[in-house]
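Spelled out from the first residue to the last, the chains are:
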Amino acid sequence: IPSDQSSGTSSPLCDSGLHLNYHPNNTDTLSCSSWPTSPGLRWEKRWVDLRLIPLLHSRLSHHLPGSDVCRKNAFQVTAVDGVCSGVIQCPTAEDGVDWLQALADSISNLTKHNVKKTNRNFPVNQQIVYMGWADEKEMDSVQDRMYTPKFLALRGSSLFKFSAPPVTTWDWTRAEKSFTAYEIMCKVLKDNDLLDKRKHCFSVQTESGEDLFYSVELECELLTWEKAFQMATFMEVERIQCKTYACIMESHLMGLTVDFSMGFVCLDAASKAVLWRYKFSQLKGSSDDGKSKIKFLFQNQDSKAIEAKELEFSNLFAVLHCIHAFFAAKVACLDPMFVESHATAAMGSGLSSLATISCNSQQSSKLKYAT
């Protein structure tokens with residue numbers, strides 16, 4: 001149904017060679033007056049744009065709003081200013097998949113282009129690695145709405161969560177929440193881990209131990225998020241090189257430093273003297289009580305004996321996630337493909353080469369309605 005709503009975009013009639021005049025009072029047949037009076041003239045058919053929806057930062061969905069129920073062969077697109085396409089029904093499942101993929105490709109390409117331009121205004125340590133929509137699962141069962149759309153962004157050392165895409169520099173200071181990338185854990189959910197009917201989901205465990213669950217529409221979007229998070233974490237670990245956390249060992253105040261080059265270093269908080277150090281390769285196991293204590297099992301290089309060290313932290317999950325991030329970065333350095341993609345990103349490719357694995361096709365900036 002035509003609407004007076006607009007998306008801030010004015011559009012003249014687009015003459016693509018096949019247009020159709022819109023007659024609001026007679027949709028089944030054309031009036032006699034519309035036919036040419038002269039035999040030598042032909043009636044010109046025109047497409048008339050009923051609505052234009054800019055695809056930059058738009059949100060694509062083929063689920064019923066707020067639910068885990070998938071529409072059958074249907075989807076809708078919501079522009080950044082809230083203007084919605086309404087439900088677009090496709091004749092077949094194949095048509096629906098083609099439309100979803102084409103729209104996802106266009107949105108991805110536009111986002112990459114926009115991020116590349118935006119990054120020119122940010123320093124090296126504040127570059128944007130990822131931007132995109134995801135539906136956050138509401139854990140409060142009292143609410144009827146199971147999912148709420150959130151805009152996620154990985155920039156510099158942080159993961160930002162917005163209710164709307166950041167457009168200005170000031171917008172970045174108004175995020176609903178922000179998390180330090182190397183102090184949180186991201187996990188892609190497998191079939192047995194899924195919470196409901198939604199398929200393409202991932203979880204984020206924060207530094208406080210809180211679990212957040214998100215869903216995206218397509219598998220390629222999930223893959224893009226996973227690789228982008230790995231890249232953002234790796235880049236930040238590579239930049240900071242080490243991180244120190246206050247802890248208590250045997251009733252004494254200590255500092256545990258996780259160092260990308262040296263491994264684990266324990267210092268006395270008062271004297272700054274090094275009490276012990278182990279390489280990453282010497283860590284043979286660890287366990288925690290889920291509250292504050294971590295028990296490390298290190299292997300002595302000379303005697304090969306296992307040495308246990310138990311430390312107590314006030315921010316247990318942040319420490320665990322940081323250690324995991326440093327280990328993951330070490331492993332990533334052994335992967336030639338990852339190193340190559342990181343080098344490409346470092347040369348200023350905008351959204352990083354990881355984003356190229358997401359839906360790639362010809363770029364289109366708007367979704368058009370025509371009749």
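Criteria and cut-off values
- Every chain's residues receive numbers from 1 upward, in the order its sequence appears when written.
- In keeping with the predicted nature of the model, local features appear solely for residues at pLDDT of at least 70, side-chain atom pairs appear and are counted solely at 80 or more, and the whole-chain, interface and lining totals rest on all residues.
- With hydrogens and water excluded, all non-hydrogen atoms of the structure serve as input to the side-chain values.
- Helix numbering and strand numbering both begin at the N terminus, where a helix is a DSSP run of H or I of at least 4 residues and a strand a DSSP run of E of at least 2.
- The classification of residues rests on relative accessible area computed with a 1.4 Å probe and restricted to protein chains. Under 20% of the type maximum is buried, over 50% is exposed, and intermediate values are partly exposed.
- Throughout, a residue-residue contact means that at least one pair of heavy atoms, one from each residue, lies within 4.5 Å.
- For the area figures, the Shrake-Rupley method with a 1.4 Å probe applies, and any residue is considered shielded solely by the protein chains shown.
- Note: two strands are recorded as paired if DSSP finds a minimum of 2 bridges between them.
- What we call a nonpolar core is a set of buried Ala, Val, Leu, Ile, Met, Phe, Trp, Tyr and Cys residues that are connected through their side-chain atoms within 4.5 Å.
- Each residue carries a pLDDT score, the predictor's confidence in it, ranging from 0 to 100.
- By definition, a salt bridge exists where a carboxyl oxygen of Asp or Glu is found within 4 Å of a side-chain nitrogen of Lys or Arg.

Chemist: Got a minute to help me understand the overall build of the chain in this structure?
Modeler: The secondary structure content of the chain amounts to four helices and 19 strands. Burial analysis of the chain (371 residues in total) assigns 43% to the buried set. Sequence separation of 24 or more characterises 53% of the internal contacts of the chain that already satisfy a separation of 6 or more. Element-wise, carbon and sulfur atoms account for 53% of the exposed surface of the chain, whose accessible area totals about 20,200 Å².

Chemist: Would you mind showing me how to read the pairing of strand S16 (residues 283-288) here?
Modeler: Consecutive residues of a regular strand have side chains that alternate between opposite faces of the sheet. Looking at chain direction, S16 and strand S17 (residues 293-299) are connected through five bridges and run antiparallel. Opposite glycine 285, over in S17, you have leucine 297 as the bridge partner.

Chemist: Hey, could you run me through the nonpolar core in this one?
Modeler: Ranked by size, the top nonpolar core spans 29 residues in total, and within it Leu256, Phe264, Trp276, Phe296, Leu311 and Phe313 carry the most contacts. Secondary structure elements with two or more residues in this core: helix H2 (219-240), strand S12 (242-249), strand S13 (252-259), strand S14 (263-268), strand S15 (274-278), S17 and helix H3 (316-332). Take this core: its biggest share by element is eight residues, from H3. In contact with phenylalanine 264, not counting residues within four places along its chain, are Leu256, Thr257, Trp276, Arg277, Tyr278, Lys279, Phe280, Leu283, Phe296, Phe298, Ile323 and Phe327. If you look at the next biggest cluster of nonpolar residues, it comprises 21 residues, including Cys186, Phe202, Val204 and Met231.

Chemist: What am I meant to see in the sheet that holds strand S3 (residues 74-78) here?
Modeler: Sheet strands pair via backbone hydrogen bonds, and the direction of the pair is either parallel or antiparallel. As summarised here, the arrangement of the three strands in space is S2-S3-S4, forming an open sheet in which the pairing is antiparallel. One side of each edge strand has no neighbouring strand; the edge strands of this open sheet are strand S2 (59-61) and strand S4 (88-89).

Chemist: Where do I start with unusual backbone geometry in this structure?
Modeler: Where the residue is not glycine, phi is negative for most of them; where a peptide bond is considered, it is trans in most cases. At histidine 57, a position not held by glycine, the phi torsion is positive, near 60°. On the secondary structure map, histidine 57 appears in the loop between strand S1 (49-54) and S2. Its identity is not glycine, yet lysine 304 carries a phi of approximately 65°, on the positive side. Locating lysine 304 in the fold gives a position in the loop between S17 and strand S18 (306-312). Classification of lysine 304 by relative accessible area gives exposed; the value is 52%.

Chemist: Mind showing me how you'd approach the pairing of strand S9 (residues 185-188) here?
Modeler: Here S9 shows a clear split, with Cys186 and Val188 buried on one side and none of Met185 and Lys187 buried on the other. As paired strands, S9 and strand S10 (residues 201-205) are joined by four bridges and run antiparallel to one another. If you follow valine 188 over to S10, its bridge partner there is phenylalanine 202.

Chemist: Whenever I open this one, the confidence of the model for the chain confuses me. Can you help?
Modeler: Atomic detail in the predicted coordinates should be set aside for any region of low pLDDT. For the chain, per-residue confidence averages 83 on the pLDDT scale, and residues scoring 70 or more make up 78% of the total. Least confident of the elements in the chain is strand S19 (residues 366-370), whose mean pLDDT is 49; most confident is strand S7 (residues 158-162), at 98. For residues 1-33, every residue scores under 50 in pLDDT, and the model assigns this stretch 53 contacts once sequence neighbours within four places are set aside. Considering only residues more than four positions removed or in separate chains, one finds that residues 348-364, a stretch of pLDDT under 50, has 50 contacts.

Chemist: Just checking my understanding: could you explain the pattern of salt bridges for this structure?
Modeler: Any two side chains of opposite charge can pair, given that their charged atoms come close. If you walk through the whole model with that rule in mind, you get eight salt bridges. A salt bridge links lysine 177 to glutamate 210; its shortest N-O distance comes to 3.8 Å. Residue lysine 177 is found in strand S8 (residues 177-180), and its partner glutamate 210 is found in the loop between S10 and strand S11 (211-215); the two are separated by 33 residues along the sequence. The exposure class of glutamate 210 is partly exposed, given its relative accessible area of 35%. Of the charged contacts in the structure, one is a salt bridge between lysine 187 and aspartate 193, with a shortest N-O distance of 3.8 Å.

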